[in-house]
Amino acid sequence: MPLPIPRLMLRVPGRSVGEHCVRYISTRGKAPPLGFEEVMLSGLAPDGGLYMPEEWPRLLDATLFALRGAPYGEVAFRVMAPFIGDAVPEAELRRMIAGAYGSFAHAAVTPLVQLAPDHWLLELFHGPTLAFKDVAMQLLVRLLDGSLERRSDRATLVCATSGDTGAAAVEAFKNSAQCSLFVLHPHGRVSEVQRRQMTTVNAPSVHNVAIEGNFDDCQAIVKALFADRAFRAKVKLSGVNSINWARLLAQAVYYVYAGLSLGAPLREMSFCVPTGNFGNVFAAYVAWKLGLPVERLIVATNANNILHRVLTTGRYERAGVMPTMSPSMDIEVSSNFERLLFDASDRDPALVRKLMTKLSETGSFALPAKTMREITRRFTSGSTDETATLAAIASAFSATGELLDPHTAVAYAVAAKTAGRSGPKITLSTAHPAKFPDAVEKACGVRPRLPSRLAGLLDRREAFDLLPNDVETVKQHILTRSDR
Ligand SMILES: *Cc1c(COP(=O)(O)O)cnc(C)c1O
């Protein structure tokens, strides 16, 4: 039975009422509003801000009711359609969703596992590279290819990676018809499984580059490429990092899907999210804005805890990064936090500009009291150090029999410390334990095995180019290799 999609979209002058074009605005207020496809293709706004929907669409409780028990793909369509509007035809969006999640190893795509009477684990690692980044990346490539094909255009995508993002991007873009992907990883500094997931994919659209440097060097090169306007236009440069709105949108889906399984829209629940760049937990905020009854969003950080500090003290302050066993959460600043700042300050772009300038000039800023109050109505946080992470892996294993990867373990430890007021608590599991076998074995004595679908990874031939830590060399490399 077809479900009604509420039509709460914006009306744009010059368009008939029947069409709905969703508009996106920059958090810094100095860039023109754009439609969904332009936002997806451009990533960062030209004023340095991040795009946000001009208004939050809302699903009716009746729609949520009707979605209980629906398959993942149906929930995905209902959650994303109000943010995409007419930019992608319905049949095409449904086909993309089916294609993206058909390859997941679990029929529920993101299944729930019960840990305790009121505590669940939401497993996001059943995609091809065993980390939650697959959920968004598998859809993003289809959305990008679709848009570019309609415009008879192509794009060159560049990303820097310390592991998970690159692997998920390579796996997603290996079949892209419209994009060339360049992934920069620090030579000799990613785990063997992560490197092989990138370098053993033999596809003409994918180019792996090992940089003689560290992850920050890779990131600096990518920034420099984006800053070069002429180069950017020439290769039609675009990004796949977690500030891309389309990625966040694809992630909002599993919050709604899990919530419906555990009693939404009748029951409130809390989510505990292992957090780095604030993309995943912001997707939970999007789900809440859309109508999911959320009691608490719990931000779990490792020892790199800038977010835990801001949520407890109101001061956002860089403090350097130290390497931990949950490397995908080793960040100094969390880009997507700017989106929350914008929304929680009654969407005041002047305030966002002021605070972001302060951050880049002095390395810190203080949240206005009103914004802090607004944020902490929904968000709470906790931080877990290395010792406590290992202890969490051990205690989860002995209490539940589940093996947790170190990122998930950080959240598990924080969830244990943070009492919900009511309703179920859902901890997000962002990577398969076999991606981090050494930490898991050290913690609980069990070495997790790679799922059989990844067998052969360690024998396949690798291909990558080794380049010096030099922007011009990388530019030339991309110019000669990208297909445009
Ligand atoms: C990327 C990643 C995270 C952090 O997610 P954000 O959206 O950056 O907050 C956590 N765990 C794993 C395994 C990841 O790959």
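Just above, that's the structure.
The structure displayed is predicted, hence computed values, not measured ones. (Residues numbered from 1 in each chain as written. Predicted model: local features only at pLDDT ≥ 70, side-chain atom pairs only at ≥ 80, totals over all residues. Heavy atoms only, no water.)

(A) The overall build of the chain, seen in detail. Across its full length, the chain holds 19 helices and 16 strands. With respect to the principal axes defined by its C-alpha atoms, the chain has extents near 65 × 60 × 50 Å. Within the chain, the proportion of its 484 residues that are buried is 60%. The contacts of the chain with a sequence gap of at least 6 include a subset with a gap of at least 24, amounting to 75%. (Helix = DSSP H or I, 4+ residues; strand = E, 2+ residues; numbered from the N terminus. Buried < 20%, exposed > 50% of the residue type's maximum accessible area, 1.4 Å probe, protein only. Contact = heavy atoms within 4.5 Å.)

(B) Expanded view of the sheet that holds strand β16 (residues 465–467). Taken in spatial order, the five strands line up as β9-β6-β7-β8-β16 in an open sheet, and their pairing is parallel. The sheet terminates laterally at β9 (237–238) and β16, the two strands that pair on one side only. On the sheet, helix α8 (residues 215–227) packs against β6 (155–160), β7 (179–186), β8 (206–211) and β9 and is oriented at approximately 150° with respect to β6. (Pairing = 2+ DSSP bridges. Axes fitted to C-alpha atoms, helices over the stretch in contact; angles between N-to-C directions.)

(C) Here's a closer look at helix α11 (residues 279–290). Across its twelve residues, α11 extends 16 Å between first and last C-alpha, which sits within 8% of the 16 Å expected from 1.5 Å per residue. Within α11, eleven of the twelve residues are buried, leaving the element largely enclosed by the surrounding structure. Among the residues of α11, Gly279, Asn280, Val281, Phe282, Ala283, Ala284, Tyr285, Val286, Ala287, Trp288 and Leu290 are the ones counted as buried. Looking one or two residues beyond α11, the residue adopting positive phi is Gly291, at roughly 130°. (Expected span 1.5 Å × (residues − 1).)

(D) Layout of the nonpolar core. Judged by nonpolar contacts, the single largest core of 120 residues is most densely connected at Tyr101, Phe173, Trp245, Tyr255, Phe271, Phe282 and Phe379. For this core, the element with the most residues is helix α10 (residues 245–261), which contributes 13 residues. Dropping the residues within four chain positions of it, Phe379 is found in contact with Phe278, Val281, Tyr285, Arg296, Leu297, Val299, Leu311 and Leu340. Ranked by size, the runner-up nonpolar core spans 17 residues in total, among them Ala160, Val209, Val235 and Ile478. (Core = buried A, V, L, I, M, F, W, Y, C linked by side-chain atoms within 4.5 Å.)

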